[in-house]
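# Structural overview
In case you want the letters, here they are:
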Amino acid sequence: MRISSVTVKNLFGMFNHKVDLRLDDRVTIIHGLNGVGKTAILRLIDGIVNRQASELLSIPFKEFRIDFDNKSYLSVKKKVYYFEDENLEDHENETIFFS
């Protein structure tokens, strides 16, 4: 089973990317302007494959999906819920749920 494509939605709150891997050539080059998410996509793949939840938590995205050559896929959707509390700073009251 090999990865055939990777899709990320709302990366950094603004980018939607789909990267189709070149399975026949066994080499895929990801290129783009600085700041559009090339490294973030690789970090998300690493986070899934190596079960590193911290990678998934540290990168802002709405949905990340890995499609495999046998037509199966793995999808991670991130939702952020904000709980109001006057005693907490903005970043301390973020809770992230995966579904």
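Scoring rules and cut-offs
Residue numbers restart at each chain and count upward from 1, following the sequence in its written direction. Totals for whole chains, interfaces and linings use every residue, but because this is a predicted model, local features are given only for residues with pLDDT of at least 70 and side-chain atom pairs only at 80 or more, for both listing and counting. Hydrogens and water molecules were not included; the side-chain quantities draw on all heavy atoms of the structure. Strands are treated as partners if at least two bridges between them are detected by DSSP. Only runs of H or I of at least four residues qualify as helices and only runs of E of at least two qualify as strands under DSSP, and these elements are numbered from the N terminus. Among buried residues, the Ala, Val, Leu, Ile, Met, Phe, Trp, Tyr and Cys ones that are joined through side-chain atoms within 4.5 Å form a nonpolar core. Only protein chains enter the accessibility calculation, which uses a 1.4 Å probe; a residue is then buried when its area is under 20% of its type maximum, exposed when over 50%, and partly exposed in between. By definition in these notes, contact holds between two residues if any of their heavy atoms fall within 4.5 Å. Salt bridges are defined by distance alone: a side-chain nitrogen of Lys or Arg within 4 Å of a carboxyl oxygen of Asp or Glu.

## Things to note about the pairing of strand β1 (residues 3–11)
The pairing of β1 with strand β3 (residues 63–68) spans six bridges and is antiparallel. Note that in β3 the partner of threonine 7 across the bridge is arginine 65. Summarising the sheet, β1 and strand β2 (residues 15–20) pair through five bridges and their orientation is antiparallel. When the bridges of β2 are listed, valine 8 appears paired with histidine 17. Where β1 folds back onto β2 in an antiparallel hairpin, the turn is made up of three residues, including phenylalanine 12, whose phi is positive at roughly 55°.

## Notes on the nonpolar core
Ranked by internal contacts, the top residues of the largest apolar core, which has 16 residues, are Val8, Leu11, Ile41, Leu44, Ile48, Phe61 and Phe64. Only β1, α1 (38–49) and β3 provide two or more residues apiece to this core. Sort the elements by how many residues they give to this core and α1 lands first, with five residues. Other than its neighbours up to four places away in sequence, leucine 44 contacts Val8, Leu11, Glu55, Leu56, Ile59, Phe61 and Phe64.

## Quick look at the pattern of salt bridges
Scanning all chains against the criterion turns up five salt bridges. The closest approach of N and O atoms between arginine 65 and aspartate 67, which form a salt bridge, is 2.8 Å.

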